[in-house]
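# Breakdown of the fold
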Amino acid sequence: MGKPQKMENQQLIFALDIGTRSVIGVVCAQRDDGFEVLCVESAEHTERAMIDGQIEDIEKTARVVREVRAAVEQSLGTQLHDVHVAAAGRILHTQRAEYEMEMGDLPVNRRQLFTLESRAVQKAYEELMHRQSDGLAFCCAGYSVTQYTLDGYSFSTLMGHRGKKAKVEIIATFLPDEVIESLYTTMESTGLTVASVTLEPIAAMNAVIPQELRLLNIALVDIGAGTSDIAISNKGSVVAYTMSTVAGDEITEQVMREFLVDFGTAERLKREAGREEAEQLEYTDILGNSLSVERAVFLEKLRPAVSALADSIVQKILEANGGPPLATFL
């Protein structure tokens with residue numbers, strides 16, 4: 001491939017997935033109703049700087065973000081200043097709310113729609129704080145509209161319609177202030193300005209499940225290293241978000257216990273076991289012994305951890321959905 005053409009950075013959208021095991025940077029440009037992906041770069045954490053999707057060590061996380069940013073900028077031949085990020089964390093709260101307001105004689109515009117939705121989010125926040133007793137402060141990490149109505153009639157969007165009373169129903173998601181603040185601090189230490197923050201399952205749902213499929217009761221599960229993020233759709237909208245802190249790291253930790261290896265070796269063995277051609281897995285334990293294990297035996301040793309992960313995800317889906325969905329996407 002030739003050297004990428006230099007592009008004006010104001011045309012670009014830079015997004016970061018700051019995961020528990022790796023950081024992935026994606027740069028794209030908007031093209032009509034979609035996006036063209038121009039560059040994807042990733043780097044793994046060399047140390048456990050994040051636990052359960054939450055930043056534990058800001059400087060170590062920032063170091064990996066800088067590495068990804070530098071690779072992206074070198075590939076595109078331009079500097080990036082603004083970034084869009086998705087958040088996860090150990091403590092996620094969801095809150096439903098609705099808000100109704102009078103409309104004027106003119107068609108509904110974007111400003112009115114923004115006011116309607118933001119007041120619904122504010123109401124959701126107030127209701128969440130009213131039922132909180134632990135004193136934690138929370139920040140909205142994203143929300144989804146479950147329904148618009150105008151004079152009692154349902155609409156997929158209110159833009160351009162006329163009516164007297166508009167109402168919106170939303171499901172808003174909240175994370176502790178500390179989780180969001182650590183994201184902002186990490187980005188600032190790398191010279192990036194946060195343009196927007198959303199929740200990881202919201203981002204996953206928007207990327208994977210098309211609007212027309214949301215008529216079906218579908219659960220989407222994004223199993224990462226620290227969290228398993230879950231979004232559920234039904235009747236054309238997203239109806240629930242939740243997450244489990246049981247994820248890939250629990251599998252890795254099971255490898256550590258079973259084979260007496262450090263975290264990095266356990267990660268390598270877990271990945272190698274995913275390849276069917278790997279009949280024997282070679283490793284050195286923490287006592288310096290050079291050993292090997294058959295792939296089938298290795299996988300059998302992991303069965304309890306895999307079952308625990310599956311059970312956790314199933315319970316979260318059943319709680320959020322009120323029963324089993326028609327299908328589950330992993």
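This section reports on the structure supplied with the text. A quick note: this is a predicted structure, and the numbers were derived from the prediction, not measured.

With that settled, consider the packing of aromatic side chains. Evaluated as defined, the whole model comprises three aromatic pairs. For the pair Tyr125 and Phe174, a centre-to-centre distance of 6.0 Å together with 45° between the ring planes defines the contact as tilted. Separated by 49 residues along the polypeptide, Tyr125 in helix H2 (residues 110–130) and Phe174 in strand S10 (residues 165–176) bring together distant segments of the chain. In this structure an aromatic cluster arises from ring pairing among Phe259, Tyr283 and Phe298.

Right, let's talk about the pairing of strand S3 (residues 34–44) for a bit. Alignment of strand S2 (residues 22–31) against S3, held across 10 bridges, turns out to be antiparallel. Looking at S3, one finds that Val27 is bridged to Cys39. Hairpin connection, S2 to S3: the antiparallel pair is bridged by two residues, and Asp32 has positive phi, about 55°.

We now examine the side chain of Thr173. Summarising the element assignment, Thr173 is placed in strand S10. On the basis of relative accessibility, which here comes to 0%, the residue Thr173 falls in the buried class. For Thr173, the side chain forms a polar contact with the main-chain oxygen of Gly142, separated by 2.8 Å. The residues touching Thr173, leaving out its near neighbours within four places in the chain, are Leu92, His93, Thr94, Cys139, Cys140, Ala141, Gly142, Leu199, Ile202 and Tyr241.

Tallied over the entire structure, the rule returns one cavity of 30 Å³ or more. When its volume is computed, the largest cavity comes out at roughly 60 Å³. Lining the largest cavity we find Ile18, Met50, Gly53, Gln54, Ile55, Ala86, Ala87, Ala88, Val179, Ser182 and Leu183. For the lining of the largest cavity, the secondary-structure elements that each account for two or more residues are strand S5 (54–55), strand S6 (82–87) and helix H3 (177–189). A per-element tally of the lining of the largest cavity places H3 first, with three residues. Among the residues making up the lining of the largest cavity, the classes are represented as eight nonpolar, three polar and no charged.

Cut-offs and rules
- Residues numbered from 1 in each chain as written.
- Predicted model: local features only at pLDDT ≥ 70, side-chain atom pairs only at ≥ 80, totals over all residues.
- Heavy atoms only, no water.
- Phe/Tyr/Trp six-rings, centres within 6.5 Å; stacked < 30°, edge-to-face > 60°.
- Helix = DSSP H or I, 4+ residues; strand = E, 2+ residues; numbered from the N terminus.
- Pairing = 2+ DSSP bridges.
- Buried < 20%, exposed > 50% of the residue type's maximum accessible area, 1.4 Å probe, protein only.
- Polar contact = N/O pair within 3.5 Å; in protein donor to acceptor, adjacent residues only side chain to side chain.
- Contact = heavy atoms within 4.5 Å.
- 1 Å grid on protein atoms, 1.4 Å probe; cavity = no way out; pocket = protein on both sides within 12 Å on 5 of 7 lines; lining within 4 Å.
- Points joined across faces, edges and corners; volume = space filled by probe spheres on them.
- Nonpolar A, V, L, I, M, F, W, Y, C, P; charged D, E, K, R; others polar.

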